[in-house]
Amino acid sequence: MSTLDPALIQLLQRAESLVARLDALLPSHQQAIAEPDWSASVAYRYRKRTSAAWVAGWLEPVRHVARIDYADLQEVDTQKERFARNLAQFVAGKTANNVLLSGARGTGKSSLVKAGLQAHAQQGLRLIEVDKADMIDLPDLIELVSERPERFIIFCDDLSFDEGEAGYKALKSILDGTVSASGDNVMIVATSNRRHLLPEYHSDNKTYKHTADGELHPGEAVEEKISLSERFGLWISFYPFSQDEYLAIVAQWLRHLGLSAEAIEAARPEALVWAIERGSRSGRVAYQFARDYAGRGHV
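This one's a predicted model, so the numbers in the text were calculated from it and none came from an experiment. (Residues numbered from 1 in each chain as written. Predicted model: local features only at pLDDT ≥ 70, side-chain atom pairs only at ≥ 80, totals over all residues. Heavy atoms only, no water.)

## Digging into the pairing of strand β6 (residues 151-156)
- When you tally the buried positions in β6, you get six out of six residues, the bulk of the element.
- What you see with β6 is no split at all: Arg151, Ile153 and Phe155 on one side and Phe152, Ile154 and Cys156 on the other are buried throughout.
- In terms of strand pairing, strand β5 (residues 125-129) meets β6 through five bridges, oriented parallel. Bridge pairing in β6 places Leu125 opposite Arg151.
- You can see the chain leave β5, run along helix α4 (residues 138-145) and come back into β6, and the turn it takes is right-handed. (Buried < 20%, exposed > 50% of the residue type's maximum accessible area, 1.4 Å probe, protein only. Helix = DSSP H or I, 4+ residues; strand = E, 2+ residues; numbered from the N terminus. Pairing = 2+ DSSP bridges. Right-handed = clockwise from strand over helix to strand, strands pointing away.)

## Observations concerning the packing of helix α9 (residues 268-278) against helix α10 (residues 283-295)
- Packing of α9 against α10 leaves a shortest axis separation of 10 Å and a crossing angle of 125°. Classified by the angle their axes make, α9 and α10 are oblique. With respect to the hand of their crossing, α9 and α10 are arranged in right-handed fashion. Contacts between α9 and α10 involve Glu270, Ala271, Trp274, Ala275 and Arg278 from the first element and Val285, Gln288, Phe289, Asp292 and Tyr293 from the second.
- Residues belonging to the contact of α9 with α10 are distributed by class as follows: six nonpolar, one polar and three charged. (Axes fitted to C-alpha atoms, helices over the stretch in contact; angles between N-to-C directions. Parallel < 35°, antiparallel > 145°, perpendicular 65-115°, else oblique. Left-handed = near helix turned anticlockwise from the far one by under 90°. Contact = heavy atoms within 4.5 Å. Nonpolar A, V, L, I, M, F, W, Y, C, P; charged D, E, K, R; others polar.)

## Regarding the nonpolar core
- Within the largest apolar cluster, 47 residues are counted, with the highest numbers of intra-cluster contacts made by Phe83, Leu87, Val189, Tyr246, Leu254 and Phe289.
- The element contributing the most residues to this core is helix α7 (residues 243-256), with seven residues.
- Those residues within four positions of Val189 in sequence are excluded, and the remaining contacts are Phe83, Val99, Leu101, Val113, Ile153, Ile154, Phe155 and Cys156.
- In this structure, Tyr46, Leu100, Leu159 and Ile188 belong to the second largest nonpolar core, which totals 24 residues. (Core = buried A, V, L, I, M, F, W, Y, C linked by side-chain atoms within 4.5 Å.)

## Section: helix α2 (residues 77-91)
- Its 15 residues give α2 an end-to-end C-alpha distance of 21 Å, which sits within 8% of 21 Å, the value for a rise of 1.5 Å per residue.
- Considered for burial, the residues of α2 that qualify are Gln79, Lys80, Phe83, Ala84, Asn86, Leu87, Phe90 and Val91.
- Check the buried side of α2 and you find it contacts β4 (99-103), α3 (109-120), β5, β6, β7 (186-192) and β10 (234-238).
- Positioned one or two residues after α2, Gly93 has a phi angle of 85°, which is positive. (Expected span 1.5 Å × (residues − 1).)

## Focus: the pattern of salt bridges
- Tallying each qualifying case throughout the model produces nine salt bridges.
- Here Glu60 makes a salt bridge to Arg47, at a shortest N to O gap of 3.4 Å. With Glu60 in strand β3 (residues 54-61) and Arg47 in strand β2 (residues 43-50), this pair connects stretches of sequence that are 13 residues apart.
- On the basis of relative accessibility, which here comes to 30%, the residue Glu60 falls in the partly exposed class. (Salt bridge = Lys/Arg side-chain N within 4 Å of Asp/Glu carboxyl O.)

## Quick notes on α10
- With 13 residues, α10 ought to run about 18 Å at 1.5 Å a step, and its terminal C-alpha atoms sit 18 Å apart, in line with that.
- For α10, the full list of buried residues reads Gly283, Val285, Ala286, Phe289, Ala290 and Tyr293. The buried residues of α10 occupy one face: seen down the axis, they fall within an arc of 155°. Turned more than 90 degrees from where α10 packs its buried face, Arg291 and Gly295 sit exposed.
- Lining the buried residues of α10 we find α7, α8 (261-266) and α9.
- Backbone geometry just downstream of α10 places Gly297 in the positive-phi region, at approximately 90°. (Arc of directions from axis to C-beta.)

## Some words on the packing of aromatic side chains
- One pass over the structure, following the stated rule, counts five aromatic pairs.
- One aromatic cluster is present, built from ring pairs that chain together Trp38, Tyr44 and Phe152. (Phe/Tyr/Trp six-rings, centres within 6.5 Å; stacked < 30°, edge-to-face > 60°.)

## Here we look at the packing of α7 against α10
- Between α7 and α10, the least distance of the axes is 8 Å, while the angle of their chain directions is 40°. In terms of axis orientation, α7 runs oblique to α10. α10 is crossed by α7, and the crossing has right-handed handedness. Along its contact with α7, which presents Tyr246, Ile249, Val250, Trp253 and Leu254, the element α10 presents Gly283, Val285, Ala286, Tyr287, Phe289, Ala290 and Tyr293.
- A per-class count over the contact of α7 with α10 returns 11 nonpolar, one polar and no charged.

Laid out in structure tokens, this is it:
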């Protein structure tokens, strides 16, 4: 058997090295999003992998979906009613709006979305969670599900943008128009601690202008920051809880975990200390206290 000339082998190795360097310089090729097994779950996470030559995205089924009912969410009745009504319209194929849930941390924004999925999963509602860094791929995701019979929430938790991020413009263009136009089976739902999704600075106030009749008008910088959040048809705001509201949520979770009325009443002082130590009276803090208290064997 003949062997290759060493000079030829060296030439081939140089050629392979050159091809690898050229691949690194070329823009990555976006591969089509693979069709998932739609029977695997009612919720999916959008995942993405990037190399020098290609970018691939896929939907990963969530194997253990959190089970939360609307009834589990306390002290947010107004927010719950508005969200549930809009979602029911969407699931029924009627006109509905994209939703922005904004406000205080730990007050039930993302839990409300999970409760909505729980309420309508049997009617064909599905959820796709997308990280804000992957918002640029929204058009591809919408195209993937456009012919499916199910209704889809595309959900971004804790959404906010810094100036110039690519996903900002992609989301802005997707939000233009109505949700339930003919054949449209996608609703965008986002939660954020920022009402306008972009950082707001004291210097922005300098862009406001006074007109001759005394009216105050925001400048271009402020208008740009407001323009994205305004494209969500439904804004639902959440506020910090009072002490009584916090204790009501603690009682709800302790009851959910099987504690007696006497044990729930006895837990009140410890629940208040727990909130003081955490520096917050939020629903999340209440849930964390309830798990700790119940786990210590109180009945």
